[in-house]
Amino acid sequence: MHSAQRLPAEVQYADELNHLAENDTYKKPQGWKLSPQAVKTFILGSNKAIGNRSIAKKIHGNDALVERAIVTLAGQRGLLLVGEPGTAKSLLSELLAAAISGNSTDTIQGSAGIVEENIRYSWNYALLLKEGPVLDSLVPGPLYRAMKHGRIMRFEEITRCPTEIQDNLIPILSDRILQIPELKQDEDKFLLSQKGFNLIATANLNDRGINEMSSALKRRFNFETMQPLKNIQQQAKLIATQANQQLASAEIEISASDDICQLLATAITDMRTGHVEGLSISPLTNVLSTAEAISVLYSAALESHYFGEQTIRPKYIANYLIGAVCKDNNDDIKRFDDYKNAIKRKRNDLPLWQDFIG
Ligand SMILES: Nc1ncnc2c1ncn2[C@@H]1O[C@H](COP(=O)(O)OP(=O)(O)O)[C@@H](O)[C@H]1O
Ligand SMILES: [Mg+2]
């Protein structure tokens, strides 16, 4: 029905969210669409059916963190999700905003080029010339929209923004007022945030910028660190569900078997730890996140699909892994060959691994 490449969580999961709202019997914070209990069920899933349906788990391996994140958002402070790339910080922030506010699109993507106007509001210059500085000439930014409608605003990769831009959020988080001094009418000169407004920011630990957040702003956030999945089984399962979902939605008739996902999760772990069945190999410079693993699998599936294979070939996985892990680092390409040699010695009797090393 939808032809969009990717739907926001509140559209993708509209049925689940409606169902949870209809069956929600717990207390709701003011301005929230769902109770904290129902938000938690939406994100962490539920084994026993709610009403007549079960809810799928969407974030794995960080259950206690998810609960604390929900509690933080019901309080006075913002939520800052930190962690390595690909640990589902963005996904969690989107799911939280969708469940709490019914809208995850009041979002700004942090970058060096972000200016205040991108976050707060800007002007429609044609109208500004014609009508002057009145509300109609104002173009609301994500912060304005979230405050006005009492929703969660998402600030992705906040530490990629210059510190002085980040610091615009300090008065917002403490006073919950947005000043708009340009407007003509006195009553328009400030916007009071409505109940339900709060802020979720994300930051990658690998970005050097993380230290450049002012301590005044840090004090206004609760920090939560998202951990990568450590267990191979868990990783394999996550890779399988996500990749198969993506393949199904692209109407590609090939799916990833448990074996192939297990192989991929094992390969990533081998490369991260530098061990193959007791044999040491030099670890690669880049570790692969679960998110990247999913896209490696997806690419391998496409190659198998378009080049006439019935199942996903480990050989293709190996080829896309090289691109993802080694990028343009020649030493890493050599280390990947060492890894293949280690597999030749330790797993040569296993057909899937034989195909992997080619
Ligand atoms: N612990 C996890 N639980 C669920 N999905 C995960 C997890 N870790 C990674 N993923 C997958 O990785 C994808 C990308 O994660 P993303 O939210 O973009 O990471 P980040 O913002 O931390 O870089 C997610 O959409 C999800 O498919
Ligand atoms: Mg992200």
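Our subject is the structure listed above.
A brief look at the structure comes next. (Residues numbered from 1 in each chain as written. Chains lettered and ligands numbered in written order. Predicted model: local features only at pLDDT ≥ 70, side-chain atom pairs only at ≥ 80, totals over all residues. Heavy atoms only, no water.)

Some words on the side chain of Arg154
Here is step 1: Here Arg154 shows up in strand β7 (residues 152–156).
Here is step 2: According to the relative accessible area criterion, Arg154 is buried, its value standing at 7%.
Here is step 3: Polar side-chain contacts of Arg154 include one of 3.0 Å to the backbone oxygen of Ser104. (Helix = DSSP H or I, 4+ residues; strand = E, 2+ residues; numbered from the N terminus. Buried < 20%, exposed > 50% of the residue type's maximum accessible area, 1.4 Å probe, protein only. Polar contact = N/O pair within 3.5 Å; in protein donor to acceptor, adjacent residues only side chain to side chain.)

So, the environment of Thr285
Here is step 1: Tracing the backbone shows Thr285 in the loop between β13 (279–280) and α14 (290–306).
Here is step 2: A sequence separation of 14 residues divides Thr285 from Met271, and the C-alpha atoms of the two residues are 9.4 Å apart.
Here is step 3: Each residue touching Thr285, except ones within four places of it in the same chain, is listed here: Asn329, Asp332 and Arg335. (Contact = heavy atoms within 4.5 Å.)

Structural notes on the environment of Val139
Here is step 1: By secondary structure assignment, the location of Val139 is in strand β6 (residues 138–140).
Here is step 2: Taking relative accessible area as the criterion, Val139 reaches 35% and is therefore assigned partly exposed.
Here is step 3: In the structure, Val139 is positioned 49 residues away from Ser90 in sequence and 26 Å away in space, judged by C-alpha atoms.
Here is step 4: If we skip the residues at most four places from it in the chain, Val139 touches Tyr121, Ser122, Trp123 and Asn124.

A word on the site of ligand 1
Here is step 1: Around ligand 1 sit 16 residues, and of these His60, Gly86, Lys89, Ser90 and Gln242 come closest.
Here is step 2: In this structure, an oxygen atom belonging to ligand 1 sits 2.6 Å away from a side-chain N or O atom of Lys89.
Here is step 3: Within the side chain of Gln242, one N or O atom sits 2.7 Å away from an oxygen atom of ligand 1.
Here is step 4: Calculation on ligand 1 without its partners gives an accessible area of 570 Å², and the protein chains cover 84% of this total.
Here is step 5: When each cavity is represented as a set of grid points, ligand 1 is found to reside in the largest pocket.
Here is step 6: Among the secondary structure elements, those contributing two or more residues to the shell around ligand 1 are α5 (89–101), α12 (232–249) and α14.
Here is step 7: A per-class count over the shell around ligand 1 returns seven nonpolar, six polar and three charged.
Here is step 8: Two domains each put at least three residues into the shell around ligand 1: domain 1 (9–226) and domain 2 (232–357). (Near = heavy atom within 4 Å. Areas by Shrake-Rupley, 256 points an atom, 1.4 Å probe, with all protein chains shown as cover. 1 Å grid on protein atoms, 1.4 Å probe; cavity = no way out; pocket = protein on both sides within 12 Å on 5 of 7 lines; lining within 4 Å. Sits in = over half its atoms within 2 Å of the grid points. Nonpolar A, V, L, I, M, F, W, Y, C, P; charged D, E, K, R; others polar. Domains from an automatic or database assignment.)

Here's the deal with empty space enclosed by the protein
Here is step 1: Inspection of every chain in the model, using the stated rule, returns one cavity of 30 Å³ or more.
Here is step 2: Quantified by volume, the largest cavity comes out at close to 50 Å³.
Here is step 3: Taken together, Ile268, Met271, Arg272, Asn286, Val287, Leu288 and Val325 make up the lining of the largest cavity.
Here is step 4: Per-class residue counts for the lining of the largest cavity are five nonpolar, one polar and one charged. (Points joined across faces, edges and corners; volume = space filled by probe spheres on them.)

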